[in-house]
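What follows is the residue order along each chain.
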Amino acid sequence: MSRRTVLKAGATLLLSVTVPLRANAAQILAVRVWPADDYTRVTLENDSDLKATHFIVKDPERMVVDIEGLDLNPTLKSLVAKIQSNDPYIKQVRVGQNRPNVVRLVFDLKEEVKPQVFTLPPAGNYKHRLIFDLYPVKPADPIAAMIEKGDWSGDDKTAAAPPPSPKEQLEQLKPDLKAEPREELKTELKTAEAQTRADKNGKMVRMITIALDPGHGGEDPGASGKNGSREKDIVLSIAKRLKAKLEDQPNIRVMLTRDGDYFVPLGTRVDKARKVQADLFVSIHADAFVQPTARGSSVFVLSEKGATSSAARWLADKENSADTIGGVNVKNHDRQLASVLLDLSTTAQINDSMKLGRSVLGEIGGINRLHKGSVEQAGFAVLKAPDIPSILIETAFISNPEEEARLLDDSYQNKLADAIVTGIRRYFAKNPPLAKNRLT
Ligand SMILES: [Zn+2]
């Protein structure tokens, strides 16, 4: 009975109590779980670097992890209660002292997963981290599926009923997703097809796809306010409002780079936008500065040669550190993408981004003081899609108590979203999207 090796934790725990703790036994400081459809992450934060080995056991699916140099403590045991019943991948976790000096975690899984197990050195407010990322073996492509079903057009706002959330849509689509692997070409064709829709008068209109990127998420809280509000929560809330308002337009649909509280690496955000052939990329942030008096909204675009101010450079560096704090498996991370994007000429993208940025900044200026009267430029990693006009909006300073209060206010969030919608519409009025088809 293999359960016994794990579940006789009680007995071995007694043993580990009677054995004097070695001076170098590592301590688990915190455990965190971030369930999401993209992947579920489990983080063990420790006072030292931990060595872990893992293997998969079938029938039923389990992932077994042995961590060396560790004794069970209540923090680690609290992991058991942190697995939610609606976690897409983990059914439950069992924790036990497998043998002196080795703790074993057994993740009972809901489906086959592709695990990534890696460690991160101290970063931000975190000490050493041991990370388990559980990815689906066949990653669902919700966007392609939504396009195929015609659910992703944003053109059938018939009743007052709210549109299903992306998660609900995904739930409905799950049987389809498992049916057959979709070929790249088929997806591309569907994407091209889905770029036009008949309007009320039967006239074909070009669908505009906007990638909305709520900054941070999961392990990366972003900036935080005096009263404890977190950037990652505020920007997700604003992005969801903005999505609904944009999709009220007849020919706009929106892809959120994240729709929950989990971390998406910066390069993956760009990737997601390129996969849906987004016409625009809009990243939403609410940043902080050392002086609480700093205030006002700003809009940033990419810079080809250096930042327009030292404050802009400082901010870009800070935003670019998201991958370090959010936690990316460097071994698996596609480093190539970043360098390819850097090498391509970005002049045209920056020109378009400036136009979009000015239009949006002008509208935001009507509802909040502007930090600076012009669009600024710096090397933000998330703005590096070579073919998509991209802006990053710092909605306000979360570090300024007055602005923190506004950011938490529903009516302010709505006004802000309305201003961004108007800015985007003004941009498209002057710069109509061209027909595009990657197949030709
Ligand atoms: Zn930010």
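A. View of the coordination of the zinc ion. Around the zinc ion, the protein contributes the donor atoms H216 (NE2), E231 (OE), H285 (ND1), E319 (OE) and E319 (OE), which lie 2.1 to 2.6 Å from the metal centre. Here the donor residues of the zinc ion are spaced in sequence according to H-x14-E-x53-H-x33-E. Taken together, the residues span a long stretch of sequence, with H216 in the loop between β11 (208–214) and α8 (231–247) and E319 in helix α10 (residues 310–320) at a distance of 103 residues. Of the residues examined, E319 reaches a relative accessible area of 4% and is grouped as buried.

B. Focus on the sheet that holds strand β5 (residues 90–99). Spatial strand order, β3-β4-β6-β5: 4 strands in an open sheet with antiparallel pairing. In this open sheet, the two edge strands, each paired with only one partner strand, are β3 (51–57) and β5. On average, each strand axis in the sheet is tilted by 20 degrees relative to the strand beside it, whichever way the strands run. In this structure, β5 lies alongside strand β6 (residues 102–109), joined through 8 bridges in antiparallel fashion. By the bridge assignment for β6, Q97 is matched with V103.

C. Expanded view of α10. Within α10, burial applies to A312, L315, A316 and E319. Angularly, the buried residues of α10 cover 100 degrees about the axis, an arc narrow enough to put them on a single face.

Thresholds applied
Residue positions are given per chain, counted from 1 along the sequence in the order it is written. In view of the model being predicted, local features appear only for residues whose pLDDT reaches at least 70, and side-chain atom pairs are presented and counted only at 80 or more, with totals across whole chains, interfaces and linings using the full set of residues. The side-chain values count all of the structure's non-hydrogen atoms but skip hydrogen atoms and water molecules. Counted as donors are N, O and S atoms no farther than 2.8 Å from the metal, or 3.2 Å for Na, K and Ca; water is not among the atoms, and sites may therefore look incomplete. Strands here are runs of E lasting at least two residues and helices are runs of H or I lasting at least four, both read from the DSSP assignment and numbered beginning at the N terminus. Throughout, exposure labels follow a simple rule: accessible area from a 1.4 Å probe, protein chains only, divided by the maximum for the residue type, with under 20% read as buried, over 50% as exposed, and the rest as partly exposed. In this description, strands pair whenever DSSP reports at least two bridges between them. Axis lines are fitted to C-alpha atoms, over the contacting stretch for helices. Their N-to-C directions set the angle, which ranges from 0 to 180 degrees. Arc definition: it is the arc formed by the directions from the helix axis to the C-beta atoms.

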